[in-house]
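Observations on the model geometry
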Amino acid sequence: MKKRIMSCFMALALCLTLLPTAALADDSNHTAGDHTGFTKLWMKADGTLMKGDDTWNVSTDGYGSYLPLNTGKYYLETALVLKNAYIAIRGVDVTLCLNDKTISCGDNTDPNYMIGVYYNNSQDQIAGHLTLTDCQNNDGKISGGSQKAVLVGGGSTLDMYGGTITSSSGYGVNVNSSGNDNKKTTFNMNGGTITGSSGYGVLLDGGTAAEFTMSGGTISNNKGRGVLVQGGTFTMKDGATITDNTVTGNNGGGVYVNSNSTFNMEGGTISNNKATGGSNSYGGGVFVTSGSKFNMSGTAQITGNTASTDGGGVFVDSGTTFTVSGTPTITGNNNIRNGSNVTNNVHLFNNTITIGTGGLTESESTKPQIGVTVDSKYAPTDGNPVAITSTNATETYKDYFVSDSDKCLTQFNSTDSTVELAAVPKTELTSRNTKITITNTGGFVYSGTEITPTVTVTYDGNTPLNLGTDYTVSYANNTNAGTATVIVTGKDNYTGEVTQRWTIDKRIISVSNVTLKDKVYNGKVEDDPNKVTGVIFENLPTGAAQPDYTIKSVTYTDANVSAKEQNIDVEVKKNASGSARFAPQ
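Reading guide: rules and limits
Residues numbered from 1 in each chain as written. Predicted model: local features only at pLDDT ≥ 70, side-chain atom pairs only at ≥ 80, totals over all residues. Heavy atoms only, no water. Helix = DSSP H or I, 4+ residues; strand = E, 2+ residues; numbered from the N terminus. Rg over C-alpha atoms; globule rule 2.2 N^0.38 Å. Buried < 20%, exposed > 50% of the residue type's maximum accessible area, 1.4 Å probe, protein only. Contact = heavy atoms within 4.5 Å. Areas by Shrake-Rupley, 256 points an atom, 1.4 Å probe, with all protein chains shown as cover. Lys, Arg positive; Asp, Glu negative; His and termini not counted. Charge placed at Lys NZ, Arg CZ, Asp CG, Glu CD. Pairing = 2+ DSSP bridges. Polar contact = N/O pair within 3.5 Å; in protein donor to acceptor, adjacent residues only side chain to side chain.

Within the protein, the secondary structure is distributed over 2 helices and 60 strands. Whereas a compact globule of 585 residues would reach a radius of gyration of roughly 25 Å, the protein reaches 41 Å, over 25% beyond that. Overall, the C-alpha framework of the protein stretches about 160 × 65 × 40 Å when taken along its three principal axes. Buried residues in the protein amount to 47% of all 585 residues. Counted over contacts in the protein with a minimum sequence separation of 6, partners at least 24 positions apart contribute 67%. Looking at the protein as shown, the accessible area adds up to about 27,200 Å², and 45% of this sits on carbon and sulfur atoms. In the protein, the 40 positive side-chain charges and the 51 negative ones have mean positions that sit 4 Å from each other.

Written out as structure tokens, the structure reads:
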């Protein structure tokens, strides 16, 4: 009988050890304000920290000063102010309810992090586990840490169900799998908020064993991007939101996926994130660098993100694997160029999109929608399309992928089973299909400078074209009197050249004074035109030089040398009308 009882206890112990750590400690749904079985953490008026009825003493080792917690359930009865010591959860299993209270730092007393979840320092190296919750209004907060607010390392686990994590001088949560033989180190975010950090909202690093699964909650308003996957795997599910994060002078406003890292976006939303501040600001929503993987499936959405350079939604670098399946949406993302928004959803840099297992699917209400831009270095040209998917696409997929630019369109290549991006065939402008209308009224008169009338251009009778977008305008022979030409040249989606002639009239001028040599008697009233040494004209254009002219004749009223009255016939050679007669009195 004794052996049977012992066997039962051993079996029970074995079952308990096989349960996931979270199952032993998940008290996330306890009734608000009911902390039966919990130990209170509180602070006296003089700043002394208390654990239950005992003083919560600081311990010190090679890792620094810390406030240890043992396995158990705790709640904040008051706000706590930490001074140069962090809360340590080392090799123990802890549930902590913030209870609408805050854990913060005193002035200039920030520890490196506020809470450290780590393995113990003994030879057995047992991992730590923290279940973080807030049974009240979810306004409880962990705020501070000179490097990060919460560190999860050495094979340990953080399960977050509520509350807010923020660090004004560092990261929100750091999941670091280094140490403890690089064992799997896990952060499961089921609710709550990580916000307002000066650095990353969440950082995964230390090796490939770091794992972050986001099944709910929000990562928002962090100034060094939302999530940096520096190693390991980040999985995002329905109910999770990454929004309004910013990175300045760098890539990946929402999520940055570095080499040897994986991002599985199985659901949720990445929206309104920004990569801003210069020429090195790619991937407003997601930046996927060479050697990494981004798998997007389910009903995941990436929308409303912006980048100063390329990839407002997603930037897919060369050497990256970007796989889509299910019903994903990547729309409404932009680049900001010269103050204007330019649609740029998925930016492919010498790469294609892989169609994943199960392919893309649609229902009666939704279908996949992915906007695509190919980098200008590899963009399609007339007659030379570029593949944007792997070779297992079907013809319906050409409707799931949409060109971000009206200069291109998507088409299906039945030979290779790929979706391609092709240049839109250009429309040729000719004198038969294009009408140029000069809008200036009243005609044009020689002014001494170039004359550039405004025009409107209409294609095929009723389609107005836009200057600068559809065509450019130039002019020829448009200064001197005579026939001038306006030239309309097609641009972007239009090609060809069309001209329209128009007339510049001569300017009407008059003679105001003539200088000539004295008359020599020759028995005639006519005299030599070469005796005219100067003519002054009126009504010339402002700043214009005296025009070239010809003296046709000089005629006096009689043949005597004393004759003072004469008629001088002056003909201007160009840019002025006909001739003018000057008869001094």
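The next point concerns the pairing of strand β14 (residues 148–153). The buried fraction of β14 amounts to 6 of the 6 residues, a majority that puts the element mostly inside the structure. With 3 bridges joining them, strand β11 (residues 115–118) and β14 adopt parallel strand pairing. Bridging across to β14, I115 finds its partner in V150.

Attention shifts here to unusual backbone geometry. A negative phi holds for most residues other than glycine; trans holds for most peptide bonds. The backbone phi angle of R225 is positive, close to 95°, even though this residue is not glycine. By the secondary structure assignment, R225 is in the loop between β22 (218–220) and β23 (227–229). The exposure class assigned to R225 is buried, which follows from its relative accessible area of 5%. Of note, N477 is a non-glycine position whose phi angle comes to about 55°, a positive value. Tracing the sequence through the fold places N477 in the loop between β51 (471–476) and β52 (482–490). On the basis of relative accessible area, N477 is assigned to the exposed category, the value being 59%.

Moving on, we come to the side chain of N305. Inspection of the secondary structure puts N305 in the loop between β33 (301–303) and β34 (306–307). A relative accessible area of 0% means that N305 is categorised as buried. A polar side-chain atom of N305 sits 2.8 Å from the main-chain amide nitrogen of N273. Within polar-contact distance, the side chain of N305 engages the backbone oxygen of T303 at 3.2 Å.

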